[in-house]
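# Descriptive analysis of the structure
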Amino acid sequence: MEFDLSWVLLGFPFVFALGWWASRIDWRQWRLENSQAPRAYFKGLNFLLNEQQDQAIDAFIEAVQKDPETSDLHFALGSLFRRRGEFDRAIRVHEHLLSRADLPRDDRERARHELALDFMKAGLYDRAEAAWAELERTAYAQEAALGQLVICERWHDWPRAAALAQKLLAGQGQMPLTHDLARNLAHNLAHYLCEQAAAAQEPGEKLALLEQAQARAPDAARPRVERARLLAAQGQPQAALQALAELPAHAPQALPLVACEMVALAAQCQALPQTRALLEQSYAQAPALDVAEALAQACRASDTGDASQQQARQIYVRHLEQTPSLNAAARWLAGAPIAPPETHAAVQRAVERAARPLACYRCAACGFTAKTHFWQCPGCQAWDTMPPRRVEELDK
Ligand SMILES: [Zn+2]
């Protein structure tokens, strides 16, 4: 058999090259590098579960450096940065993800959504609006519409907020609304229309907007209350009182806010007995301090005689028997001089001072406290989170 040496000569450089390549590979190193990325990932996860966010971030940065192609790690890292208030770092992580040409469509949309959340948290609303706009035809369409709504609220662009809410309620979004979301949106829409009414110049336009708000959310208190106040300001006490008398049937929780206004209107229209009966009925269902105060005012307004004054004080006593209230005690004390007069003044001052902070309103969502009631909390910007009851009544 003939042995062809030319094959050996040709194969020799190939075998040599193979050997050289094999010698360059450090197999132990290769295995180590491959196992380090998940190890760093699990380390980060472990820190996260132990609420050690600083260490978790270090571990995730290490994991991302080892495996820059993994988008999940970037998402975890970006979300951690955002939660810690490091918005510029969160934005950088998500922008880096978006700049990758090989990113699948789902991850691209997710990254844009995360970026919109970063901008919102950082207060960069113009950039957030652009990010939300790019999500309009994606799986995040509903969130994008709600995000844009929040931006309209921050900018006090009430007509656009109303239009967006109406569009969502009309079912023009891609996802169906849940019952709670639809109800909240209807109530928010009523607030947007009320804000527009407050800014409107023409009384006719104001009234039309308030009526529209009431029709949109019949169980919302604000359109009814503001409509009644507008009618009262226009010199129509009878119509204003009638509007407020409908409140117990639709939004009974708001009656304490307007109980004293109702008594003043009733006094103008000679309708004190009916209003007192309505307030008594409301008080029997929910004994609110402001309704008790309104009942006492109604007693004083109906007759200036001693018997009526005594009856008015008796209303505070009845309230005190039901609930320990410093405000009721202060009001009772104001109409009941105790001897000697200088002692009375000192005791009344002390009780009124102690009662003052308890007469505030407080947001149930963020704890913001104010002397006056707000439909939108100035602290957390949420609507209807300030119950129309005094702090003293909330802490029972
Ligand atoms: Zn709040």
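For the structure itself, consult the block above.
This report concerns the structure included in the present document. Quick caveat, the model's predicted, so the values are computed rather than measured.

### Concerning helix α16 (residues 272-285)
In this model α16 runs 20 Å from its N-terminal to its C-terminal C-alpha over 14 residues, within 8% of the 20 Å that 1.5 Å per residue would give. For α16, the set of buried residues is Leu272, Thr275, Leu278, Leu279, Ser282 and Tyr283. The buried side chains of α16 occupy one side of the element, clustering within an arc of 135° when seen end-on. When the buried face of α16 is taken as reference, the exposed residues oriented beyond 90 degrees from it are Pro273, Gln274, Gln281, Ala284 and Gln285. Residues of α16 that are buried make contact with α13 (237-245), α14 (247-250), α15 (255-268), α17 (289-302) and α18 (306-322).

### Observations concerning the pattern of salt bridges
Across all of its chains, the model carries 20 salt bridges by this definition. In this structure, the salt-bridge partner of glutamate 195 is arginine 222, at a minimum N-O distance of 3.2 Å. Within this pair, whereas glutamate 195 is found in helix α10 (residues 179-199), its partner arginine 222 is found in helix α12 (residues 221-233), the two being separated by 27 residues in sequence. In this structure, arginine 318 engages glutamate 280 in a salt bridge whose closest nitrogen and oxygen atoms are separated by 3.3 Å. In this pair, arginine 318 sits in helix α18 while glutamate 280 sits in helix α16, placing the two residues 38 residues apart along the sequence. Judged by relative accessible area, arginine 318 falls into the partly exposed class, the value being 27%.

Scoring rules and cut-offs
- Residues numbered from 1 in each chain as written.
- Predicted model: local features only at pLDDT ≥ 70, side-chain atom pairs only at ≥ 80, totals over all residues.
- Heavy atoms only, no water.
- Helix = DSSP H or I, 4+ residues; strand = E, 2+ residues; numbered from the N terminus.
- Expected span 1.5 Å × (residues − 1).
- Buried < 20%, exposed > 50% of the residue type's maximum accessible area, 1.4 Å probe, protein only.
- Arc of directions from axis to C-beta.
- Contact = heavy atoms within 4.5 Å.
- Salt bridge = Lys/Arg side-chain N within 4 Å of Asp/Glu carboxyl O.

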